[in-house]
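If you want the building blocks of each chain, they are given just below.
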Amino acid sequence: IMPDAAVENNDELEAAAETDSYCKIWQLPSGQKYRVTGRPHPGGAIAILFENISEEISLSRRYTAHLEQNQAILDSMDEAIAVFSASGVMIQHNEAYQALWGTDPDQTLIEYTAKDAISEWRVKSNPTPFWGDLADFIYHKTERSDWDSDIVTGSGDTVFCRISPLFGGA
């Protein structure tokens, strides 16, 4: 059964389904959303699949809103923050991080890793064993606890660094 509000043109739907090219999202007046997919079958038959994706879209929107809210919270903080996954990929940072290091990892086309970040930080700071210790902390999953250290940037500013293990090895 195709609701009147969702039917664009029966001939268009049938023609597209015959070539395996019909897939659209229909929004019903009730607010429900359906993914309608047309597939050709042997002997000239056409199968049309109606999937109620209302809950899927609702969950996706809530998840996106949650991520955006978390980013806004991080961006409101004065402290520069960078979060790395258990595999060493930067998964989150804030605007203060970008201002401190003069870089935006989101602008890279590849995954931005702790190795990439530490290489940049080494260039922009005075020599210190801190960076090697940090790489060991991130990439060697031994018993880990909070620790901190001061570093001095190339411009002479002292930056207090606090390192904390997070849930799941991040």
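Coordinates for the structure precede this section.
Bear in mind the structure is a predicted one, so any value in this text is a computation, not a measurement.

A.B. asks: Is there a simple way to explain the packing of aromatic side chains in this structure?
C.D. replies: What describes a pair of aromatic rings is the distance from one ring centre to the other and the angle between the planes of the rings. One pass over the structure, following the stated rule, counts nine aromatic pairs. Between the aromatic rings of Tyr97 and Trp121, the centroid separation amounts to 6.2 Å while the plane-to-plane angle is 70°, which identifies the pairing as edge-to-face. With Tyr97 in helix H3 (residues 95-101) and Trp121 in helix H4 (residues 114-123), the pair connects residues that are 24 residues apart, well separated along the chain. Taking the relative accessible area as the measure of exposure, Trp121 reaches 7% and is therefore buried. Among the aromatic side chains, those forming a connected cluster through ring pairs are Phe84, Tyr97, Trp101, Trp121, Phe130, Trp131, Phe137 and Trp147.

A.B. asks: Any chance you could explain the environment of Trp131 here in plain terms?
C.D. replies: Tracing the chain through its elements places Trp131 in helix H5 (residues 130-139). Of the residues examined, Trp131 reaches a relative accessible area of 2% and is grouped as buried. As a C-alpha pair, Trp131 and Ser119 span 12 residues in sequence and 8.6 Å in three-dimensional space. Contact partners of Trp131, with chain neighbours within four places excluded, come to Trp101, Ile118, Trp121, Arg122, Ser125, Asn126 and Ile151.

A.B. asks: How should I be thinking about H5 in this particular structure?
C.D. replies: For the α-helix, the turn length of 3.6 residues means that residues three or four positions removed from each other point alike. The complete set of buried residues in H5 reads Phe130, Trp131, Leu134, Phe137 and Ile138. Taken around the axis of H5, the buried residues stretch over an arc of 120°, which confines them to a single face. Looking at the buried residues of H5, the elements they touch are strand S4 (82-84), H3, H4, strand S6 (147-152) and strand S7 (158-163).

A.B. asks: Help me understand the sheet that holds strand S3 (residues 46-52), please; the structure alone is not making it clear to me.
C.D. replies: Across a sheet, paired strands are connected by hydrogen bonds in the backbone, their directions being either parallel or antiparallel. The three strands lie next to each other as S1-S2-S3, forming an open sheet whose pairing is antiparallel. The outermost strands of the open sheet, each flanked by one partner alone, are strand S1 (22-27) and S3. Along the sheet, successive strands turn relative to each other by an average axial angle of 20°, direction set aside.

Cut-offs applied
- Residues numbered from 1 in each chain as written.
- Predicted model: local features only at pLDDT ≥ 70, side-chain atom pairs only at ≥ 80, totals over all residues.
- Heavy atoms only, no water.
- Phe/Tyr/Trp six-rings, centres within 6.5 Å; stacked < 30°, edge-to-face > 60°.
- Helix = DSSP H or I, 4+ residues; strand = E, 2+ residues; numbered from the N terminus.
- Buried < 20%, exposed > 50% of the residue type's maximum accessible area, 1.4 Å probe, protein only.
- Contact = heavy atoms within 4.5 Å.
- Arc of directions from axis to C-beta.
- Pairing = 2+ DSSP bridges.
- Axes fitted to C-alpha atoms, helices over the stretch in contact; angles between N-to-C directions.

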